[in-house]
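Working through the structure, step by step
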Protein chains: 2
Amino acid sequence: MPTLIVSNQRTEEMVGDLELLDPEYRLYVGNQAQRMAWCLQDGDVLVLPMAVSEDFLRYVTAALGIARDSVEVLVPPTGCFGEGVLSQDRLTDEGFLTALRQAVQSRGVDRVLPFHFDSSVAELTRTLGLDKATPGFGFLDQGGGRLLNSKATFRALAGGTGAPVPPGGVFSARQEAATYLWDRLLSQGQPAILKQDFHVAGFGNEIVSPTPGIDPLGAQRAVVTASRADLDAYLTERWPWLTDGGRNRVVIEQYVPESAPIYAEVRIEEHGVEFTGHGEMRMKPVLNGLIVPAPSAELPAFPGFLDAARRLCWPIHAMGYRGIVSIDAIVTPDRNILINEFNCRTGGSTHIHRIGERVVGDDYFTERVLVELRRCTFPPFPTAVRALVERGLAYDPTTRTGVLITVDDDSPSGGFGEYCVIARDAGQARELEQAVADVLTPLCAKD
Amino acid sequence: MPTLIVSNQRTEEMVGDLELLDPEYRLYVGNQAQRMAWCLQDGDVLVLPMAVSEDFLRYVTAALGIARDSVEVLVPPTGCFGEGVLSQDRLTDEGFLTALRQAVQSRGVDRVLPFHFDSSVAELTRTLGLDKATPGFGFLDQGGGRLLNSKATFRALAGGTGAPVPPGGVFSARQEAATYLWDRLLSQGQPAILKQDFHVAGFGNEIVSPTPGIDPLGAQRAVVTASRADLDAYLTERWPWLTDGGRNRVVIEQYVPESAPIYAEVRIEEHGVEFTGHGEMRMKPVLNGLIVPAPSAELPAFPGFLDAARRLCWPIHAMGYRGIVSIDAIVTPDRNILINEFNCRTGGSTHIHRIGERVVGDDYFTERVLVELRRCTFPPFPTAVRALVERGLAYDPTTRTGVLITVDDDSPSGGFGEYCVIARDAGQARELEQAVADVLTPLCAKD
């Protein structure tokens, strides 16, 4: 059935106060909202925070094998937090709602798929009369999205289902947190990561370490607290930030440096938990983008990770959530796999798996390697597409290899583009990646 | 296996700041902690906040059919919140821990059953090395108790499992709460109940009503807010209290006056959800105590209530909680049944069902009516027991009818006693209740 797709990449329930997000970062995530265009099917309506070019829409729909006219894209007027985020004021704008209602009715849309199902989207869903057929609405309408977005909830469910997680706990009292941190971790030479209950993408995380030299992957920074006094001073200063002014709890875990981030993505459907795929954040040559499937899938610990991820989703299914769950984990230097988060929303990986399923084909996960790159600078979209075609680098449905531009670099400054290399193996992926850089970089000198 | 029973009737995670509880109320719940003596089995160790008389312990163990010496009762030194509550400082007292460790080891105790499994009990469990065999510890150790104690969590799980609940929602913004309250409820002539996310026994609840005359059952008070301006003024004043200074969300539901409170109690075990029983808060002649089984079980809506209660427990089971869940509901004047809360802890009804199972027999739920009365004033315990025996009112294992004193009235002021009438039917229960009053009341003129 046609779906209303709302690409709200950041919400208050994901990150706390949207105002606190850097304006440049808001534009970045607003541009990145294009990723959800890869979820479009016949008849769908897509709401984006920022306009996207017709060229890009034609490119995406052609790759997906649907007619451009079969889908509609709407952008509400800019709101109080700028054009990068679909804040509540934008989703309740009268003119926008009129246009949206018309689009929804004329196309027979009966359900809503947002990036994150927060209370604003729940309200929009009810306003449009789409609550009945939207899977999981009963749960989401009663604050279920916030419940599952809590890192404290993750720790409880991981503890309850026996998932392998880094040693840690959930704390509301600073004193108890300090004792735990010092006695169990820092005094044993182990660094720790402190996580705000509600935040995404590492922006609410900090690391404390008894020794310098920690690369703060998944956190804003690493602070050296070599003594209990250092630690107490750090917590005195940062506890209000960590707890959002005493509002929330703090998740504390052992931090394992030099680990590789991986994920498994599943879909929670009425009948149960369906596996979508897995991937790895690329660490080399730079930390940028995804590799699908995860190269670490060959490790002995990997099947246990997938089992644990599935068990972790049973309570989420039983609660009544329906939709995508991304289970994030790390591969430690000793090749252990520890789960450290789940995200019950459309993920940064979702569109890559959609491209695999719908563009490459059902066997993409076994027959191909997909490498995604983010934060790239492109020449203007038509120039970039033409150059890729001319050099034989564009995705070719016959060989089922080549390059797709997944997010157009629509920013004045450049650097917001994303593309995906589809290759037979890692070696070919590396070659294609280098070839793309060789072709596009010289074309990037914008005026 | 022998169990360490910790009768912590109120915890910070149940009620917020223990300091805010009225000192008289703290003594009341401290005395009431005796209820858990009815859960004792051979070899168990019971931790109470306040000492209990040897006479009472002999009475309870005799009724349960176990030797007094087969169980041990410990009371830690009084802590910072007084003798009524088992605050964290009491459970970490060194001398107490030494005695407790000895008792636990000598009796081969291997698991912990508290009234409420909060983080203090989790810490105690780990300190004593009982974490391995205590069911559900992995979940509880990672803050699962707090998660399930949240009324916002209840609303999400009820929404997700399709449980019949009063119309309502979960709010963090005052403005949205005001709009919902006014547009959906008050302006339609419906009163509403506003619930703090974390609180028990109605102490965190208030009612707002467009009209006077509401009996605030399950809430501290009913406030008349006849206009939107009244409502806004009320919320401006009370929002900080309702949200605990902005820390938590507020659950808002339609309030249905003149409803009867009922509950179903279940046990979440490794293999699934087991039904314990159900009961009703007695409304007449006074609101006091429980009737087991619930007289409303004859209503057409009752089987649907039990089904919904069971469905609501599936996610709780999947999360990894193990233990008692009490699902609270109301029977509305039009004989509908709406669920409005669950409590994942030992309940105020648990000891009554234990008495049924262990004193009366397996068929108690179909063959007997149990009526519990609370806040009674007794003569000294031996006097009361003697008088009941002499008048033929004491519980008789042959007829399986009669009266058990379930909580000794150990307070200087009186009024903390509780007893349970076990009768063949409601008529006999009424007769026994009257006879007990006739016998004990004249003996109550203390000195």
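Structure first, text after, so check above.
The paragraphs below set out a description of the structure included in this document. All values reported here derive from a predicted model rather than from experimental measurement. (Residues numbered from 1 in each chain as written. Chains lettered and ligands numbered in written order. Predicted model: local features only at pLDDT ≥ 70, side-chain atom pairs only at ≥ 80, totals over all residues. Heavy atoms only, no water.)

When helices and strands are counted, chain A shows 16 helices and 17 strands. Its C-alpha atoms give chain A a radius of gyration of 22 Å, near enough to 22 Å, the size a compact globule of 447 residues would have. Judged by the C-alpha coordinates and their principal axes, chain A covers about 60 × 50 × 45 Å. In chain A, which comprises 447 residues, the share counted as buried stands at 60%. The long-range share in chain A, meaning contacts at least 24 apart out of those at least 6 apart in sequence, stands at 66%. Counting only carbon and sulfur atoms, one obtains 51% of the accessible surface of chain A, whose full area is about 17,100 Å². Within chain A, the 58 negative side-chain charges are centred at a point lying 3 Å from the centre of the 41 positive side-chain charges. (Helix = DSSP H or I, 4+ residues; strand = E, 2+ residues; numbered from the N terminus. Rg over C-alpha atoms; globule rule 2.2 N^0.38 Å. Buried < 20%, exposed > 50% of the residue type's maximum accessible area, 1.4 Å probe, protein only. Contact = heavy atoms within 4.5 Å. Areas by Shrake-Rupley, 256 points an atom, 1.4 Å probe, with all protein chains shown as cover. Lys, Arg positive; Asp, Glu negative; His and termini not counted. Charge placed at Lys NZ, Arg CZ, Asp CG, Glu CD.)

Next up on the list: the sheet that holds strand β14 (residues 337–343) of chain A. Residue and element names in this part refer to chain A. Taken together, eight strands build an open sheet; the order of strands is β14-β13-β10-β11-β12-β15-β17-β16 and the sheet is antiparallel. Lying at the two open borders of the sheet, with one neighbouring strand each, are β14 and β16 (402–407). Geometrically, the sheet is characterised by an average inter-axis angle of 25 degrees between neighbouring strands, direction not taken into account. This element, helix α16 (residues 426–440), spans β15 (369–376), β16 and β17 (417–423) of the sheet and lies at about 140 degrees to β17. (Pairing = 2+ DSSP bridges. Axes fitted to C-alpha atoms, helices over the stretch in contact; angles between N-to-C directions.)

This part takes up the packing of helix α10 (residues 174–185) of chain A against helix α11 (residues 228–242) of chain A. When two helices pack together, their arrangement is given by the angle between the helix axes and by the axis-to-axis distance. All names here are of chain A. Axis separation between α10 and α11 bottoms out at 10 Å; the angle between their running directions is 140 degrees. Relative to α11, the crossing made by α10 is right-handed. In contact with Arg174, Gln175, Ala177, Ala178, Thr179, Leu181 and Trp182 of α10, α11 contributes Arg228, Leu231, Asp232, Leu235, Thr236 and Trp239. (Left-handed = near helix turned anticlockwise from the far one by under 90°.)

To continue, consider the sheet that holds strand β6 (residues 192–196) of chain B. Residues and elements named next belong to chain B. In spatial order, the strands read β5-β9-β6-β7-β8; together these five strands make up an open sheet with mixed pairing. The open sheet has two edge strands, β5 (168–171) and β8 (222–224), and neither has a second partner. Strand-to-strand twist of the sheet, defined as the mean angle between neighbouring strand axes without regard to direction, takes the value 20 degrees. Pairing of strand β7 (residues 205–209) with β8, which is carried by three bridges, proceeds in the parallel orientation. Residue pairing in the sheet places Ile207 in a bridge with Ala222 of β8. With respect to the sheet, helix α10 (residues 174–185) is in contact with β5, β6, β7 and β9 (250–254), its orientation differing from that of β9 by roughly 5 degrees. Against the sheet, helix α11 (residues 228–242) contacts β5, β6, β7, β8 and β9, and its axis sits at roughly 175 degrees relative to β7.

Time to look at the pattern of salt bridges. All names here are of chain A. Counted by the stated rule, this structure contains 40 salt bridges over all chains. The closest approach of N and O atoms between Arg354 and Glu357, which form a salt bridge, is 3.5 Å. In this pair, Arg354 and Glu357 both sit in helix α13 (residues 350–360), three residues apart, roughly one turn of the helix. On the basis of relative accessibility, which here comes to 15%, the residue Arg354 falls in the buried class. Judged by its relative accessible area of 27%, Glu357 falls in the partly exposed class. Glu372 serves as the salt-bridge partner of Arg374, at 2.9 Å between the closest nitrogen and oxygen. For Arg374, a relative accessible area of 14% gives the class buried. (Salt bridge = Lys/Arg side-chain N within 4 Å of Asp/Glu carboxyl O.)

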